[in-house]
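Close look at the chain arrangement
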Amino acid sequence: MAACDILNVPMNEADDIKNRDLSLCFAASGDLRNVIKTLNGLPLHYSGRCTLVVNDFHPQVAVRNVVLLCMLLDPSGPSAELTAEAVLHTLYSSSLTSAQSTFVSGWMDRVSQFIQGSSPLYHGEMDFGSDMKLEWYYPQQVAVLLRKIQAASSSKAVCEVDRLKNMNSPQRIDYRDRYCSSIRPRHRVGLLYSEDAEWLLMDSASPVQAWSPLEVEETRKQRGLPDKDYFGNLFFHIKQQLVDFITRARRFKLSVLLFSVDLNILPELLDLAMKGKPKLMFDRVETSNVMDTTGPSSIISNWGRRLNRENPHAALLMYSMNFALKVKDGAAETQPKDKVSKMFIELSSYLGFKKGMKPPPIQPILMNLAAFFDTRRPFVEYLRQEGVPEACRKANIRQRKVPRVLPARIGVSLKDYDSPKITIAPEEFYLI
């Protein structure tokens, strides 16, 4: 899922946000893109205190997040431009320049100084001025992994061999061909290793899916960049996002708390970490697609009561990648033959194919057929089967009828949430 702003200030708090203290929880953060996009959604003149809770269960992600946030928040480091490029390449490149490598390893050394022998808790904190603080409460396995990464000594050549072995595996050629068949020829371009020099990404992993292509296109137009170089355009878009984040983070009153535990036990650990301080109640809690593995009701039970009751816009955000497999008639392909044929015709027509023309390539049609299937009814049924209405009642929260933070479906804008058909132009459809 592309980076998302979990506040969406214009649709919610609007001008009231300027002086409001905020507590935002990224309970299954993955990388930092949602954190970056959300902070960038705040106005530059924001004067409240913003508390960010960032949690991810995976130790590799936890190490990366603490190191990169230190790089981004430290006002005494390199310029915002150089810092942004170093963070960008650490996130998405297979190698770093010597200066970038020194920058990253320097911060790894600094955060590792807080490791206390065999203590079960790896706790550290960094003050970046009177109004900015970063603190982490990690389990011991994060400290162990950090030490292993520091001790790793594999050469660039050894790492590159493993990367190419994964990316160019003959067993994966069909997946690469399917991906390439869905994009235009001009776009077919050409901390990511483990401590043992193993390439950690699948061959299908790409930063293209991490950032909105519509926004990348807007950046391209603003900068007058060539249409053909999508990855070059993506570079400048991500870099600008990082520079904007650095500008805001170093100007705002900001507290960041990092954790690496199961999402459903995080509320309890938060209370222990904040003992003696006011209980954190959140204006937004974003949980990624964890509902696909734990079910939505358990998340509602554990997090519904942590919403800030003083903010009518407070929200618990979840999304599902797999609900269609768990409910009858949930996917486009499971519909009756006449409905599938109708969707096929609608999609072909939408993409500009008419009677008498050469038939469109079947692969792009099959890949995008689901965009022409109105998922609202099966999704509501899925939530009912999972006990969401009852879980909401017990947690004393309500299920929103109208989305106000993120669109309910790909291809349907937030303002057109109740449209049964996609509402974007064909060129935008290609980009997403």
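This one's a predicted model, so the numbers in the text were calculated from it and none came from an experiment. (Residues numbered from 1 in each chain as written. Predicted model: local features only at pLDDT ≥ 70, side-chain atom pairs only at ≥ 80, totals over all residues. Heavy atoms only, no water.)

Brief notes about the overall build of the protein chain
Counting secondary structure elements, the protein chain contains 17 helices and 7 strands. Scored against the burial criterion, the 432 residues of the protein chain give a buried share of 47%. When the accessible surface of the protein chain is totalled, it reaches about 22100 Å², and 55% of it is carbon and sulfur. (Helix = DSSP H or I, 4+ residues; strand = E, 2+ residues; numbered from the N terminus. Buried < 20%, exposed > 50% of the residue type's maximum accessible area, 1.4 Å probe, protein only. Areas by Shrake-Rupley, 256 points an atom, 1.4 Å probe, with all protein chains shown as cover.)

Notes on unusual backbone geometry
In this structure, Asn 8 takes a positive phi of about 50 degrees despite not being glycine. Note that Asn 8 resides in the segment before β1 (22–26). We classify Asn 8 as buried; its relative accessible area is 16%. Positive phi, normally seen in glycine, also occurs at Asn 396, with a value near 60 degrees. Taking the relative accessible area as the measure of exposure, Asn 396 reaches 59% and is therefore exposed.

Structural notes on the packing of aromatic side chains
Two descriptors summarise a pair of aromatic rings, namely the distance from one centre to the other and the angle between the planes of the rings. Scanning the entire structure with this criterion turns up 12 aromatic pairs. Seen from their ring centres, Tyr 230 and Phe 231 are 6.5 Å apart, and the 85 degrees between their planes marks the pair as edge-to-face. With a relative accessible area of 10%, Tyr 230 lands in the buried category. Given a relative accessible area of 31%, Phe 231 falls into the partly exposed group. When the ring centre of Trp 107 is taken as reference, the NZ or CZ atom of Arg 110 above it lies at 3.9 Å. (Phe/Tyr/Trp six-rings, centres within 6.5 Å; stacked < 30°, edge-to-face > 60°. Lys NZ or Arg CZ within 6 Å of the ring centre and 35° of its normal.)

What to know about helix α3 (residues 80–92)
Spanning 13 residues, α3 covers 18 Å between terminal C-alpha atoms, matching the ideal 18 Å at 1.5 Å per step. Among all positions in α3, only Thr 83, Ala 84, Ala 86, Val 87, Leu 88, Thr 90 and Leu 91 are buried. Turning to α3, the residues buried within the fold contact α2 (59–73), α4 (98–112) and α9 (230–249). (Expected span 1.5 Å × (residues − 1). Contact = heavy atoms within 4.5 Å.)

Let's talk about the packing of α4 against helix α5 (residues 140–151)
The N-to-C vectors of α4 and α5 enclose an angle of 140 degrees; their axes lie 11 Å apart at closest approach. Viewed along their axes, α4 and α5 form a crossing whose handedness is left-handed. Seen from α4, the contacting residues are Met 108, Asp 109, Val 111 and Ser 112; seen from α5, they are Leu 146, Arg 147, Ile 149 and Gln 150. Residue composition of the contact of α4 with α5, grouped by class: 4 nonpolar, 2 polar and 2 charged. (Axes fitted to C-alpha atoms, helices over the stretch in contact; angles between N-to-C directions. Left-handed = near helix turned anticlockwise from the far one by under 90°. Nonpolar A, V, L, I, M, F, W, Y, C, P; charged D, E, K, R; others polar.)

A word on the environment of Arg 220
Looking at where Arg 220 falls in the secondary structure, it is placed in helix α8 (residues 213–223). Since its relative accessible area comes to 15%, Arg 220 is described here as buried. Taking C-alpha positions, Arg 220 is 8.4 Å from Leu 234, a pair spaced 14 residues apart along the chain. Ignoring sequence-local partners within four residues, the contact set of Arg 220 consists of Leu 225, Pro 226, Asp 227 and Asn 233. Among the polar contacts made by the side chain of Arg 220, one reaches the main-chain carbonyl oxygen of Leu 225 at a distance of 2.9 Å. (Polar contact = N/O pair within 3.5 Å; in protein donor to acceptor, adjacent residues only side chain to side chain.)

Section: the sheet that holds strand β6 (residues 284–286)
Taking strand neighbours across the sheet as the criterion, the 7 strands line up as β3-β4-β5-β2-β1-β6-β7 in an open arrangement whose pairing is mixed. Lying at the two open borders of the sheet, with one neighbouring strand each, are β3 (121–127) and β7 (315–317). Taking the axes of each pair of neighbouring strands and ignoring which way they run, one obtains an average angle of 10 degrees across the sheet. One ladder, built from 3 bridges, connects β1 with β6; its direction is parallel. Residue Leu 24 lies in a different strand from β6, and its bridge partner there is Arg 284. (Pairing = 2+ DSSP bridges.)

Digging into the environment of Ser 101
Tracing the chain through its elements places Ser 101 in helix α4. It is 8.7 Å that separates the C-alpha atoms of Ser 101 and Thr 90, two residues lying 11 residues apart in sequence.

Quick word on the pattern of salt bridges
Scanning the model with the defined rule gives 13 salt bridges in all. Between Asp 31 and Arg 33 there is a salt bridge; the shortest N-O distance is 2.9 Å. Among the ionic pairs, Glu 381 bridges to Arg 384, the shortest N-O distance being 2.6 Å. On the criterion of helical spacing, the pair formed by Glu 381 and Arg 384 is a turn pair, its members being 3 residues apart in helix α15 (residues 376–385). On the accessibility criterion, Glu 381 (28% relative accessible area) is partly exposed. The class for Arg 384 is exposed, based on a relative accessible area of 52%. (Salt bridge = Lys/Arg side-chain N within 4 Å of Asp/Glu carboxyl O.)

Spatial relationships are all this shows, so hold off on functional conclusions.
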